[in-house]
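Fold and contact review
Here's the letter readout for the chains.
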Amino acid sequence: MGAPPSMYGKGLRPLSIATPVAFAITLALVFFYAPIEADQGFLQKIFYLHVPLAIVALCGFIVGGIFAILHLRRDDARYDAYSYVAIHISVIFACGALITGSIWAKGSWGHWWVWNEPTLVSFLIVFLLYATYYPFRYAIEDRQRQARYASVFAITAGAFVPLNFMAVRLSASLVHPRVFATAEGGLPGSMMLTFLCSIASMALLWTTLVKFELSAKSAQGQLKRLRRALDAPTGPPTSRIAPEVH
Amino acid sequence: MVDALVNWLFAAPAIPNDVGGKYVAGAYIVFVVLLLIYVAIMGMKLARIERGLRDVAEIAEARKDGADAGETEPAEVKS
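Our subject in this report is the structure included herewith. (Residues numbered from 1 in each chain as written. Chains lettered and ligands numbered in written order. Predicted model: local features only at pLDDT ≥ 70, side-chain atom pairs only at ≥ 80, totals over all residues. Heavy atoms only, no water.)

1. Quick word on the pattern of salt bridges
Residues and elements named next belong to chain A. Summed over all chains, the structure comprises four salt bridges over all chains. One salt bridge connects D80 with R137, and the closest N-O pair in it is separated by 2.8 Å. Taken as a pair, D80 in helix 4 (residues 77–109) and R137 in helix 6 (residues 133–138) lie far apart in primary sequence, 57 residues in all. Neither residue differs from the other here; D80 and R137 are each classed as buried. A salt bridge links E213 to K217; the shortest N-O distance between them is 3.6 Å. Placement of the pair is E213 and K217 together in helix 8 (residues 189–229), with a separation of four residues, close to one helical turn. (Salt bridge = Lys/Arg side-chain N within 4 Å of Asp/Glu carboxyl O. Helix = DSSP H or I, 4+ residues; strand = E, 2+ residues; numbered from the N terminus. Buried < 20%, exposed > 50% of the residue type's maximum accessible area, 1.4 Å probe, protein only.)

2. Focus: helix 7 (residues 143–170) of chain A
Residue and element names in this part refer to chain A. With 28 residues, helix 7 should reach 40 Å at 1.5 Å per residue; the first-to-last C-alpha distance of 40 Å fits that figure. Of the residues making up helix 7, those classed as buried are Q146, A147, A150, S151, F153, A154, A157, G158, V161, N164 and V168. Each element contacted by the buried residues of helix 7 is listed here: helix 3 (47–74), helix 4, helix 5 (118–131) and helix 6. (Expected span 1.5 Å × (residues − 1). Contact = heavy atoms within 4.5 Å.)

3. Points about a nonpolar patch on the surface
Taken together, the side chains of B:I29, B:V33, B:I37, B:I41 and B:M44 present a nonpolar region at the surface, about 440 Å² in accessible area. With respect to the helices and strands, the residue B:M44 is situated in helix 2 (residues 19–78). (Patch = residues over 30% accessible without salt bridge, like charges linked within 9 Å, V, L, I, M, F, W, Y side chains within 5 Å. Areas by Shrake-Rupley, 256 points an atom, 1.4 Å probe, with all protein chains shown as cover.)

4. Some remarks on the packing of aromatic side chains
Residues and elements named next belong to chain A. All chains considered together, the criterion is met by 17 aromatic pairs over all chains. Pairing F67 with Y82 gives two aromatic rings, centres 5.1 Å apart and planes at 50 degrees, and the pair type is tilted. Taken together, the residues span a long stretch of sequence, with F67 in helix 3 and Y82 in helix 4 at a distance of 15 residues. With 5.8 Å between their ring centres and 75 degrees between their planes, Y79 and Y82 make a pair best called edge-to-face. Note that Y79 and Y82 are positioned in helix 4 at a spacing of three residues, about one turn of the helix. Following the ring pairs from residue to residue traces out a cluster consisting of F61, Y84, Y130, Y133, Y134, F136 and F153. One residue, R78, lies across the ring of Y79, its end atom 5.8 Å from the ring centre. (Phe/Tyr/Trp six-rings, centres within 6.5 Å; stacked < 30°, edge-to-face > 60°. Lys NZ or Arg CZ within 6 Å of the ring centre and 35° of its normal.)

5. Some thoughts on the packing of helix 3 of chain A against helix 8 of chain A
All names here are of chain A. It is at 9 Å that the axes of helix 3 and helix 8 come closest, and there the two elements cross at 45 degrees. Classified by the angle between their axes, helix 3 and helix 8 sit oblique to one another. Helix 3 and helix 8 meet at a crossing whose hand is right-handed. Contacts from F47, Y48, L49, V51, P52, L53, I55, V56, G60 and V63 of helix 3 reach helix 8 at M191, T194, F195, S198, I199, M202, A203 and W206. Across the contact of helix 3 with helix 8, the residue classes break down as 15 nonpolar, three polar and no charged. (Axes fitted to C-alpha atoms, helices over the stretch in contact; angles between N-to-C directions. Parallel < 35°, antiparallel > 145°, perpendicular 65-115°, else oblique. Left-handed = near helix turned anticlockwise from the far one by under 90°. Nonpolar A, V, L, I, M, F, W, Y, C, P; charged D, E, K, R; others polar.)

So, to be careful, I would describe these as geometric facts and stop short of saying anything about function.
Next comes the structure, spelled out in structure tokens:
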């Protein structure tokens, strides 16, 4: 017994329209409205891409953990699928955050990576932690056990994300730029508006991709059901890691 | 070839001709490339689903034709 198939695709059309519109507005704000920063110059424009990618990825990991809690509480396979897809998309976003951050570091500090900078290293640790999610799932054959263990992993790792964030904020490094709630007053209004638009666009993109992925998985699940109903060959094997969505 | 492409890209008039310009362009290109890779993978997945649906539709149609033929045959024998 699962959700009706149309549920996963519900709202995908307005989201698919809203996301590119939001990105177009954001890019226009980034390159034509937000002022050039005095210290870093044009290079600071990476901030509007890198930071939203990182924030949305971290929030996505937490959302994955919340779905995992719902999965364990309600024993509903749908929440396992939500949790898996949320983590999957967040890993892609985190990968983007790491690469764009590295490019920013090279332009700003002259190095692709700085090992004594807690923000970078802690984000890498979170990324590597979630990179182990796939082999962890893959190692378990039984789907029920796989879903339960993956949920426990998602909750534990999801709880680690805010703790990690707080630890980094409390650290005393002066290398990584702190732009919010600083003694100097943080971002000016135009930059803050652009940044908030960037966050909103990135969150929209994340939601669209999650829904898109869920719809594709649902279609795959429906096809499998149809094959079973027709006693037809089940076709090429699908991923053992991904949960089946009906 | 790659050098020529990079030189052409960084010579684009929209990118400020300073040190930061090429890094900003690089970061945004990485983002677009990641998105394109994702879209390509999803495209392949959807193509596989479409292929599967076509197979299932063919099986269903073949069975329906078989069932229709089975229904008409006894009628022909009777007459």
